[in-house]
Amino acid sequence: MQKEILRSIENIEIYPIISLLIFVIFFVSMFWWVIRADKGYIDKMKEMPLKDELQKDKSYENV
């Protein structure tokens, strides 16, 4: 039944191709961004969770 419904939709064969293109373009662009990203920015982002915990600990001491 589902196959018959899908076959009745016109131009449905283009949707898997579009989905694959979106998927590939997204991951290629993310890979390109990771390669080209500034190393200083990456190091800053890498240290943020640790610095955030330290700031939370200090703020709890003040309360």
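In short, a report on the structure. This structure is a prediction, so every number in the text was calculated from the model and none was measured.

### What to know about the overall build of the protein chain
Check the secondary structure of the protein chain and you find three helices and zero strands. The N-to-C order of helical and strand elements in the protein chain reads α-α-α. The 63 residues of the protein chain split such that 2% are buried. Just so you have it, the protein chain exposes about 6,600 Å², and 66% of that area is on carbon and sulfur atoms.

### Side note on the packing of aromatic side chains
Tallied over the entire structure, the rule returns three aromatic pairs. The interplanar angle of 85 degrees and the centroid separation of 5.1 Å between the aromatic rings of Phe 26 and Phe 27 together place this pair among those described as edge-to-face. A relative accessible area of 44% places Phe 26 in the partly exposed class. Aromatic pair Trp 33 and Tyr 41: ring centres 6.5 Å apart, planes at 85 degrees, arrangement edge-to-face. The exposure class of Trp 33 is partly exposed, given its relative accessible area of 41%. Judged by its relative accessible area of 38%, Tyr 41 falls in the partly exposed class. Through a chain of ring-to-ring contacts, three or more aromatic side chains come together here, namely Phe 23, Phe 26 and Phe 27.

### Considering unusual backbone geometry
The backbone phi angle of Asn 11 is positive, close to 60 degrees, even though this residue is not glycine. With respect to the helices and strands, the residue Asn 11 is situated in the loop between helix 1 (2–8) and helix 2 (14–36). In this structure Asn 11 comes out as exposed when scored by relative accessible area, which is 54%.

Rules behind the numbers
Residues numbered from 1 in each chain as written. Predicted model: local features only at pLDDT ≥ 70, side-chain atom pairs only at ≥ 80, totals over all residues. Heavy atoms only, no water. Helix = DSSP H or I, 4+ residues; strand = E, 2+ residues; numbered from the N terminus. Buried < 20%, exposed > 50% of the residue type's maximum accessible area, 1.4 Å probe, protein only. Areas by Shrake-Rupley, 256 points an atom, 1.4 Å probe, with all protein chains shown as cover. Phe/Tyr/Trp six-rings, centres within 6.5 Å; stacked < 30°, edge-to-face > 60°.

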